[in-house]
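# Coordinate analysis (summary)
For reference, the chains in residue letters:
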Amino acid sequence: MQFPANPFRSLFKDDYSVFLDDDNAVNQFADHLSKSLPSIYTNDIVFVCIGTDRSTGDSLGPLVGTLLGELNVSRFHYYGTLDEPIHALNLSEQLETIKNKYKNPFIIAVDACLGRVKSIGSVRLSNGPLKPGAAMKKDLPLVGEINLTGVVNVSGFMEFYVLQNTRLSLVMKMAKFIARSIKETESKLTSQTAL
């Protein structure tokens, strides 16, 4: 699949992945995320947290959005919470709203994904847009200049049931990790601009 031209594609070349229990994981992930963002003075930075609370495995995005609100993240904008999720039925409309509200927004997609057994529990920062709903064979619009995904379970067979039967414990730990990493990124950027 070929992605549309992306003016931010040169920000970083390789995916970065970390496991939740790695030493200093939040700080390391925040370092990579902060280096992946354009200047906060030239772009509105918007996290689009995709998923639904009706499926345990697919609730990662809305959990992250809700936690960002609880952490009082203020330098970044975020959409998709447990109360107002962004999912297959409203994704296009929400993206249109965001693009109309912000001038040249830098969008970061946040979503759960399925992967190999050895990758479960890892969070990945990737260049380029996210293709939401790919595991479920849904035809949804591409989202973001970069994306954050958490591997919540194994892919390859009956993905719908795998997502439904994913442990909430893992998804919650992953959501807290991502939200804390975003909050730490905000702190790093605040420190840099204060110098």
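The model shown is predicted, which means the values in this text are computed figures rather than measured ones. (Residues numbered from 1 in each chain as written. Predicted model: local features only at pLDDT ≥ 70, side-chain atom pairs only at ≥ 80, totals over all residues. Heavy atoms only, no water.)

## Thoughts on the overall build of the protein
- Along its length, the protein carries five helices and six strands.
- The helix and strand sequence of the protein, counted from the amino end, reads β-α-β-α-β-α-β-β-β-α-α.
- Considering only residue pairs separated by 6 or more positions, the protein has 74% of its internal contacts joining residues 24 or more positions apart.
- As presented, the protein carries roughly 10,200 Å² of accessible surface, and 50% of it is formed by carbon and sulfur atoms. (Helix = DSSP H or I, 4+ residues; strand = E, 2+ residues; numbered from the N terminus. Contact = heavy atoms within 4.5 Å. Areas by Shrake-Rupley, 256 points an atom, 1.4 Å probe, with all protein chains shown as cover.)

## What about the pairing of strand S6 (residues 146–154)?
- Burial runs high along S6: eight of the nine residues are buried.
- Pairing analysis gives eight bridges linking strand S4 (residues 106–115) to S6, with the strands arranged parallel. Considered in S6, the bridge of Gly115 is made with Val154. (Buried < 20%, exposed > 50% of the residue type's maximum accessible area, 1.4 Å probe, protein only. Pairing = 2+ DSSP bridges.)

## With respect to the nonpolar core
- Ranked by internal contacts, the top residues of the largest apolar core, which has 38 residues, are Leu37, Phe47, Val64, Leu148, Ile178 and Ile182.
- The leading source of residues in this core is helix H5 (residues 168–194), at nine residues.
- Sequence-distant contacts of Ile178, that is, excluding residues within four places in its chain, are made with Leu60, Val64, Val110, Val123 and Leu148.
- Counting 14 residues, the second largest nonpolar core, distinct from the first, contains Ile86, Tyr102, Ala109 and Leu130. (Core = buried A, V, L, I, M, F, W, Y, C linked by side-chain atoms within 4.5 Å.)

## What to know about the environment of Ala88
- One can find Ala88 in the loop between strand S3 (77–79) and helix H3 (91–101).
- Linking Ala88 and Pro141, residues 53 residues apart in sequence, is a C-alpha distance of 9.4 Å.
- When near neighbours in sequence (up to four residues on either side) are disregarded, Ala88 contacts Lys138 and Leu140.

## What about helix H2 (residues 60–70)?
- Across the eleven residues of H2, eight count as buried, placing the element largely inside the fold.
- All of the buried residues along H2 are Leu60, Gly61, Pro62, Leu63, Val64, Gly65, Leu67 and Leu68.
- Residue Asn72 follows H2 closely and has a positive phi angle near 55 degrees.

## Considerations on unusual backbone geometry
- With phi around 55 degrees, Asn72 is a residue other than glycine that occupies positive phi space.
- With respect to the helices, strands and loops of the structure, Asn72 is situated in the loop between H2 and S3.
- For Asn104, which is not glycine, the phi torsion reads 50 degrees and is therefore positive.
- Residue placement: Asn104 occurs in the loop between H3 and S4.

## Some points on the pattern of salt bridges
- Inspection of the entire model under this criterion finds three salt bridges.
- When the shortest N-O distance is used, the salt bridge between Glu184 and Lys188 registers 3.9 Å. A residue pair is termed a helical-turn pair when its members lie 3 or 4 positions apart in one helix, as Glu184 and Lys188 do in helix H5 at four residues.
- In this structure Glu184 comes out as partly exposed when scored by relative accessible area, which is 29%.
- Overlapping salt bridges, with partners in common, bring together Asp31, Glu184 and Lys188 in one network. (Salt bridge = Lys/Arg side-chain N within 4 Å of Asp/Glu carboxyl O.)

## Quick look at the confidence of the model for the protein
- Taken residue by residue, the protein gives an average pLDDT of 87. The fraction at 70 or more is 88%.
- Element-level pLDDT for the protein is lowest in helix H4 (residues 159–164), with a mean of 80, against a maximum mean of 98 in H2.
- Here residues 1–12 is modelled with pLDDT under 50, and outside its nearest four sequence neighbours on either side it reaches 25 contacts, counting other chains as well. (pLDDT = per-residue confidence, 0-100.)

## So, the packing of aromatic side chains
- One pass over the structure, following the stated rule, counts four aromatic pairs.
- Here the aromatic rings of Tyr16 and Phe29 are separated by 5.9 Å at their centres, their planes lie at 40 degrees, and the arrangement is tilted. One end of the pair, Tyr16, is in strand S1 (residues 16–19); the other, Phe29, is in helix H1 (residues 25–35), and 13 residues separate them in sequence. Of the two residues examined, Tyr16 and Phe29, each falls in the buried class.
- Here the aromatic residues Tyr16, Phe29 and Phe177 are joined through ring pairs into a cluster of three or more. (Phe/Tyr/Trp six-rings, centres within 6.5 Å; stacked < 30°, edge-to-face > 60°.)

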